[in-house]
Amino acid sequence: MNTVTLSKNNQLDFPQDISEMYGLETGDTFEFISYNNRIELIPLKPIKKMKGIFQGINTNIIRENDRI
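Residues numbered from 1 in each chain as written. Predicted model: local features only at pLDDT ≥ 70, side-chain atom pairs only at ≥ 80, totals over all residues. Heavy atoms only, no water.

**Some details on the overall build of the chain**
Within the chain, the regular secondary structure consists of one helix and two strands. Starting at the N terminus, the α and β elements of the chain follow one another as α-β-β. For the chain, whose C-alpha radius of gyration is 18 Å, the value lies well above the compact-globule estimate of 11 Å for 68 residues. Each principal axis of the C-alpha distribution contributes one length, and for the chain these read about 55 × 30 × 25 Å. (Helix = DSSP H or I, 4+ residues; strand = E, 2+ residues; numbered from the N terminus. Rg over C-alpha atoms; globule rule 2.2 N^0.38 Å.)

Structural data, given as structure tokens:
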């Protein structure tokens with residue numbers, strides 16, 4: 001499990017392997033979501049950086065008859 005510590009300046013420093021896994025870079029912005037007793041961080045990426053993130057996804061899905 002990866003842990004981070006909140007600094008006295010209220011800053012978090014992500015472990016390098018997590019930053020690399022999710023493509024996080026200096027200056028990235030995040031949305032904080034409070035859910036029950038936890039905080040979730042959602043990276044906000046410009047739409048241009050999102051190009052190709054679903055490459056290889058299976059788009060063959062079974063739809064209900066009234067959705068065709």
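**Details of the pattern of salt bridges**
Going through the model one piece at a time under the given rule, you end up with two salt bridges. One salt bridge in this structure joins Arg38 and Glu40, with 2.8 Å as the shortest N-O distance. (Salt bridge = Lys/Arg side-chain N within 4 Å of Asp/Glu carboxyl O.)

**Examining the layout of surface pockets**
In this structure, the largest pocket occupies an estimated 160 Å³ of space. The wall of the largest pocket is formed by Leu12, Asp13, Phe14, Ser19, Leu24, Glu25, Thr26, Gly27, Asp28 and Phe30. Per-class residue counts for the lining of the largest pocket are four nonpolar, three polar and three charged. (1 Å grid on protein atoms, 1.4 Å probe; cavity = no way out; pocket = protein on both sides within 12 Å on 5 of 7 lines; lining within 4 Å. Points joined across faces, edges and corners; volume = space filled by probe spheres on them. Nonpolar A, V, L, I, M, F, W, Y, C, P; charged D, E, K, R; others polar.)

**Brief notes about a nonpolar patch on the surface**
A cluster of nonpolar side chains, Val4, Leu6, Leu12, Phe32, Ile39 and Leu41, forms an exposed patch at the surface whose accessible area comes to about 560 Å². Considering the arrangement of structural elements, one finds Val4 in the segment before helix H1 (16-22). (Patch = residues over 30% accessible without salt bridge, like charges linked within 9 Å, V, L, I, M, F, W, Y side chains within 5 Å. Areas by Shrake-Rupley, 256 points an atom, 1.4 Å probe, with all protein chains shown as cover.)

**Some points on the side chain of Ser19**
Counting through the fold element by element, Ser19 comes out in helix H1. Not counting residues up to four positions away in its chain, the partners in contact with Ser19 are Phe14 and Leu24. (Contact = heavy atoms within 4.5 Å.)

**So, the confidence of the model for the chain**
Summary statistics for the chain give a mean pLDDT of 85 and a share of 96% for residues scoring 70 or more. Of all secondary-structure elements in the chain, the lowest mean pLDDT belongs to H1, at 87, while strand E1 (residues 29-35) reaches the highest, 91. (pLDDT = per-residue confidence, 0-100.)

**Looking at the pairing of E1**
Summarising the sheet, E1 and strand E2 (residues 38-44) pair through seven bridges and their orientation is antiparallel. Bridge pairing in E2 places Phe32 opposite Leu41. Following E1, the chain reverses through two residues before pairing antiparallel with E2; Asn36 in that reversal takes a positive phi of roughly 50 degrees. (Pairing = 2+ DSSP bridges.)

**Focus on unusual backbone geometry**
Even without glycine at this site, Asn10 takes up a positive phi of about 60 degrees. Residue Asn10 is classed as exposed on the basis of its relative accessible area, which comes to 62%. Positive phi, normally seen in glycine, also occurs at Asn36, with a value near 50 degrees. Tracing the chain through its elements places Asn36 in the loop between E1 and E2. (Buried < 20%, exposed > 50% of the residue type's maximum accessible area, 1.4 Å probe, protein only.)

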